[in-house]
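So you can see what is in the structure, the chains are spelled out below.
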Amino acid sequence: METTASAGQSPDRPINRYGPLDSPPVEAEEARGRLAPGQVAILDVQPVERVMSDQPFQLRVRLAGGTGEGVVSVLTHWAGTPFVVERRIGADDHDRGYADVEFTADQSLPPGPATFTVGVIVESGAQADFTVSVAVLPSNPFSMRLSPRDNFVTGTFSVRAVKSGNSYQINMTVTLSNGDAAAVAMRQDFRWEFWDGPVGGGTLVEQGTGGFPDPITVGAHSTWEGWIAFNSPSGSGIFNKLEGREDLAVRIIMTRQSGGTVEAQITVRTMFSYGLNITRVGAESFTNEEYTDLYRAVDVTRTIYERRDVTVAVDRRFISNASAGGFTVITSETEARDLFEQWSGPDNGFIDVFVVPSISGTGFDGLAGAIPGPTSHDGRNSGVVVDKSGFVDGAGVRHLNVAYLGMLIGHEVGHYLGLVHVSEAGNLMLSSSTATDTNLNYDPQYRTIIRHGWVRIA
Ligand SMILES: [Zn+2]
């Protein structure tokens, strides 16, 4: 069996256009007439100069009405994961009537449309927002870019291989960007190659050809977009590599009518999944607020892992106070292991996570049964336990530290999945990790996680 490619394309479209969701610019006089004292308005947002791909740029945010200290934040939507750029503003910016927001080289964008949702908030609590779409123009005269299709942007910026029945489907978008003043005509056919290891330096797994259905001309200062869908049946080289939990790199090569090729490459990987039996030990000891906070914390855990292309299924479980007995307060490692041995979730292949009201006198606030933990609920190693790590707010309401607890569950589950402590700044597996230590690296951490027996191809 061999992999086959099919392809389609969108009409040629210029990229110097604005989006349908954009806010209309407002005249300064008109805005001032409408603003109540203390309010703030954004009149307009525009790039200071043209936004060129892969180059730093600035957005000018024109303001009216505000005074005092504040913050401008810009949520950027583009082909990859959305991100936020922020800067402080002060009296100078209000007097000048605008604030420029810098996007550094690290925050530069590829060719194509980008949408900026700009928010401003000032000391008085007044706030305003404004949305603008901008064409990011290609810096190169002519280039190709590959990206995930269907705006699937969870995880790393890679193309997802999705298992469907007895084959893998791999969909990607192909974008040609023309930064020149002359149109470029392309041949409709393309070549494709899948590599294990780096393109050109690893092992060529499969290769072939395909064709777009219609003639291709990329207009001056325009982009052209097409898509390619691969079907890799059982027995094909790509299927076997993906089943073996390997990443692949794909290269697409197209040719100009006038001669000369243009090419691009991107990583292809599957999404992995594992499950957690999140078990409240002493259910009545959790208030409604704490129950809500616990599952917000589990969402944090899921986000930490999804950034590394591993998603998390959750089964919500509990043990009543009466049944839990002394396990609501864990006072030793021995007692934690008694809990792992005496209580288990159903036979669902999920990791048992016991959330207890208190761990005290032990020197730890979380414990994993083993590194890695077993693929069975039997025995004294099967589970992780965490202190619910709560606090009481000024109004006397009990809450959980959502960010910390989400990290703590992620850390202990990381041990269960085979991860040891590291000293890398910001890493989830620091021996005394805090709420902001949430990174997982590719090698060895991602490579280790996906080989645990309870981690499946999603
Ligand atoms: Zn640890």
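Because the structure is predicted, anything quoted here is derived from the model rather than measured.

Here's the deal with the coordination of the zinc ion
Every protein donor of the zinc ion is listed here as His411 (NE2), His415 (NE2) and His421 (NE2), and their distances to the metal cover 2.0 to 2.1 Å. Spacing between the donor residues of the zinc ion along their common chain follows H-x3-H-x5-H. Under the relative-accessibility criterion, His421 is labelled partly exposed at 42%.

Observations regarding the packing of aromatic side chains
Following the criterion strictly, the structure yields 17 aromatic pairs and no others. Pairing Phe103 with Phe116 gives two aromatic rings, centres 5.6 Å apart and planes at 70 degrees, and the pair type is edge-to-face. Taken together, the residues Phe103 in strand β7 (residues 98-103) and Phe116 in strand β8 (residues 112-122) connect sequence positions 13 residues apart. Judged by relative accessible area, Phe103 falls into the buried class, the value being 1%. Plain terms: the ring middles of Trp192 and Phe194 are 5.8 Å apart, the flat faces sit at 75 degrees to each other, and that makes the pair edge-to-face. Pair check on accessibility: Trp192 and Phe194 agree, each one buried. Three or more aromatic residues link up through ring pairs in this structure, and these residues are Phe57, Trp78, Phe83, Phe103 and Phe116. Sitting over the ring of Tyr98, Arg60 keeps its end group 3.9 Å from the ring centre. Over the face of the ring belonging to Phe286 we find Lys388, whose NZ or CZ atom lies 5.1 Å from the ring centre.

Observations regarding the domain arrangement of the chain
Split into domains, the chain comes out as domain 1 (4-10 + 140-270), domain 2 (28-136) and domain 3 (272-419 + 426-457). Domain 1 puts 5 residues into the contact, and the matching count from domain 2 is 7 residues. For the pair domain 1 and domain 2, the interface holds 0 salt bridges. The tally of links from domain 1 across to domain 2 stands at 0 residue pairs in polar contact (both at pLDDT 80 or more). Looking at the side of domain 1 that touches domain 2, its residues break down into 2 nonpolar, 2 polar and 1 charged.

Calculation notes
- For every chain, the first residue of the written sequence is number 1, and numbering continues from 1 onward in sequence order.
- Where local features are concerned, this predicted model is filtered to residues with pLDDT of at least 70; where side-chain atom pairs are given and counted, the filter is 80 or more; whole-chain, interface and lining totals use all residues.
- In computing side-chain properties, one takes all heavy atoms of the structure into account and sets aside hydrogens as well as water.
- Sites may look incomplete because water is not among the atoms; the donors themselves are N, O and S atoms within 2.8 Å of the metal, or within 3.2 Å for Na, K and Ca.
- Each residue gets one of three labels from its accessible area relative to the maximum for its type: buried under 20%, exposed over 50%, partly exposed in between, using a 1.4 Å probe on protein chains only.
- In summary, the pairing rule links any two rings of Phe, Tyr or Trp, Trp by its six-membered ring, whose centres are within 6.5 Å, and it sorts them by plane angle into stacked for under 30 degrees, edge-to-face for over 60 and tilted for everything else.
- Each helix is a run of H or I in the DSSP string that is no shorter than four residues. Each strand is a run of E no shorter than two, and both are numbered from the N terminus.
- In our convention, an over-ring charge means Lys NZ or Arg CZ found within 6 Å of a ring centre and within 35 degrees of that ring's normal.
- The split of the chain into domains comes from an automatic or database domain assignment.
- Contacts are assigned to residue pairs that have any heavy atoms within 4.5 Å of one another.
- Put simply, a salt bridge is a Lys or Arg side-chain nitrogen that is within 4 Å of an Asp or Glu carboxyl oxygen.
- In protein, a polar contact means a hydrogen-donor-capable atom and an acceptor-capable atom, both N or O and within 3.5 Å, with residues adjacent in sequence counting only if both atoms are side-chain atoms; elsewhere, any N or O pair within 3.5 Å suffices.
- Polar here means any residue outside two lists: the nonpolar Ala, Val, Leu, Ile, Met, Phe, Trp, Tyr, Cys and Pro, and the charged Asp, Glu, Lys and Arg; Gly therefore counts as polar.

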